[in-house]
Amino acid sequence: MPKRRIWTALAALLVLAVLLAGCGGGGSRQQSSAPSPSSSSSTSSSQAATREITVVLSDFKFEPAEITVKRGERVRLTLQNTGTVAHDWTVRDLNLASPRVQPGQTATYEFTVDRVGTFTSVCVEAGHEALGMTGRLIVEN
Ligand SMILES: [Cu+2]
């Protein structure tokens, strides 16, 4: 009779050990899966841009006003607004329009042009083009 009790106790211990092992395994699996998605997305974005150009937006001009890129290449424009009002960088003929950059802020805008030529860039904020906030985008072969 006492032998049976020992077997029941052993069986209970075995169930407990399996449950504890299962909990530990689940915890470590959750930890290892967390960092992988963020690291893969950051590497793909840095490989995408082939030419990086910084344009300073101020009241009311682009610096440099003229930028040159190659046809078909990925361009990453960094737009730094050092002015006192919001600005942007737009090329109407190519349907390029950067985000609106608030004073003191920096924004990035990526694009690719498939047409060779010289195009006019402007700031489309009301009145800025008339105040001379224009430039040129030159696309070479
Ligand atoms: Cu402007």
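Residues numbered from 1 in each chain as written. Predicted model: local features only at pLDDT ≥ 70, side-chain atom pairs only at ≥ 80, totals over all residues. Heavy atoms only, no water.

Peer 1: It is not clear to me how the overall build of the protein chain should be interpreted in this structure. Could you clarify?
Peer 2: Secondary structure assignment for the protein chain yields two helices and nine strands. Of the regular secondary structure in the protein chain, the N- to C-terminal order runs α-α-β-β-β-β-β-β-β-β-β. A burial count over the protein chain gives 29% of its 141 residues as buried. Taking contacts inside the protein chain between residues at least 6 apart in sequence as the whole, the part at least 24 apart equals 61%. Total accessible area on the protein chain is roughly 9100 Å²; 56% of this is exposed by carbon and sulfur atoms. (Helix = DSSP H or I, 4+ residues; strand = E, 2+ residues; numbered from the N terminus. Buried < 20%, exposed > 50% of the residue type's maximum accessible area, 1.4 Å probe, protein only. Contact = heavy atoms within 4.5 Å. Areas by Shrake-Rupley, 256 points an atom, 1.4 Å probe, with all protein chains shown as cover.)

Peer 1: How should I be thinking about the pattern of salt bridges in this particular structure?
Peer 2: Pairing between side chains of opposite charge can happen when their charged atoms approach one another. For the coordinates displayed, the defined rule picks out six salt bridges. Where Glu129 meets Arg92, a salt bridge forms, and the shortest distance between an N and an O atom there is 3.2 Å. With Glu129 in the loop between strand E8 (117-122) and strand E9 (134-140) and Arg92 in the loop between strand E5 (90-91) and strand E6 (96-97), this residue pair connects regions lying 37 residues apart in the sequence. It is possible to trace a salt-bridge network through shared partners that takes in Arg74, Arg76 and Glu110. (Salt bridge = Lys/Arg side-chain N within 4 Å of Asp/Glu carboxyl O.)

Peer 1: Hey, could you run me through the coordination of the copper ion in this one?
Peer 2: Ideal values for angles at a metal depend on the geometry: 109.5 degrees with four tetrahedral donors, 90 or 180 degrees with six octahedral donors. Donor atoms from the polypeptide that bind the copper ion are His87 (ND1), Cys123 (SG), His128 (ND1) and Met133 (SD), placed at 2.0 to 2.7 Å. Considering all four donor atoms around the copper ion, the spread of angles at the metal, 87 to 134°, places the coordination shape in the tetrahedral class. Mapping the donors of the copper ion onto the primary sequence gives the spacing H-x35-C-x4-H-x4-M. With His87 in the loop between strand E4 (74-81) and E5 and Cys123 in the loop between E8 and E9, the pair connects residues that are 36 residues apart, well separated along the chain. Relative accessible area serves as the criterion here: at 0%, His87 is assigned to the buried category. (Donors = N, O, S within 2.8 Å, 3.2 Å for Na, K, Ca; no water. Tetrahedral: all angles 85-135°; square planar, octahedral: opposite > 155°, others 65-115°.)

Peer 1: Is there a simple way to explain the confidence of the model for the protein chain in this structure?
Peer 2: Should pLDDT be low for a region, the predicted coordinates there are not to be read in detail. On average, residues of the protein chain score 80 in pLDDT, and 65% of them are at 70 or above. For residues 23-46, every residue scores under 50 in pLDDT, and the model assigns this stretch one contact once sequence neighbours within four places are set aside. (pLDDT = per-residue confidence, 0-100.)

Peer 1: Would you mind going over the sheet that holds strand E7 (residues 106-112) with me for this structure?
Peer 2: Paired through their backbone hydrogen bonds, the strands of a sheet run either parallel or antiparallel. Ordered in space as E2-E1-E4-E7, the four strands form an open sheet in which the pairing is mixed. A single partner strand is all that each edge strand has here, and the edge strands are strand E2 (61-63) and E7. When strand polarity is set aside, the average angle formed by the axes of neighbouring strands in this sheet is 30°. Here three bridges tie strand E1 (residues 51-58) to E2, and the two strands are oriented antiparallel to one another. From the neighbouring strand, Leu57 faces E2, where its bridge partner is Phe62. (Pairing = 2+ DSSP bridges. Axes fitted to C-alpha atoms, helices over the stretch in contact; angles between N-to-C directions.)

Peer 1: Whenever I open this one, the environment of Gly127 confuses me. Can you help?
Peer 2: On the secondary structure map, Gly127 appears in the loop between E8 and E9. Note on Gly127: relative accessible area 43%, which makes it partly exposed.

Peer 1: Can you walk me through unusual backbone geometry in this structure?
Peer 2: Trans is the prevailing form of peptide bonds, just as negative phi is the prevailing case for residues other than glycine. Of note, the amide linkage connecting Asp59 to Phe60 takes the cis form, showing an omega dihedral of 5°. For Phe60, the position within the fold is in the loop between E1 and E2. Positive phi values are uncommon outside glycine, yet Asn95 reaches one of about 55°. In this fold, Asn95 is placed in the loop between E5 and E6.

Peer 1: What should I look at first to understand the packing of aromatic side chains in this one?
Peer 2: Given two aromatic rings, one states the distance between the centres and the angle between the planes to describe the pair. On inspection of all chains with the given rule, the structure shows two aromatic pairs. Here the aromatic rings of Trp89 and Phe111 are separated by 5.5 Å at their centres, their planes lie at 25°, and the arrangement is stacked. Here the residue Trp89 occupies a position in the loop between E4 and E5, and Phe111 occupies one in strand E7, the gap between them amounting to 22 residues. Each member of the pair, Trp89 as well as Phe111, carries the same accessibility label: buried. Relative to Phe111, the ring of Tyr109 has its centre 5.5 Å away and its plane inclined at 35°; by these criteria the two rings are tilted. (Phe/Tyr/Trp six-rings, centres within 6.5 Å; stacked < 30°, edge-to-face > 60°.)

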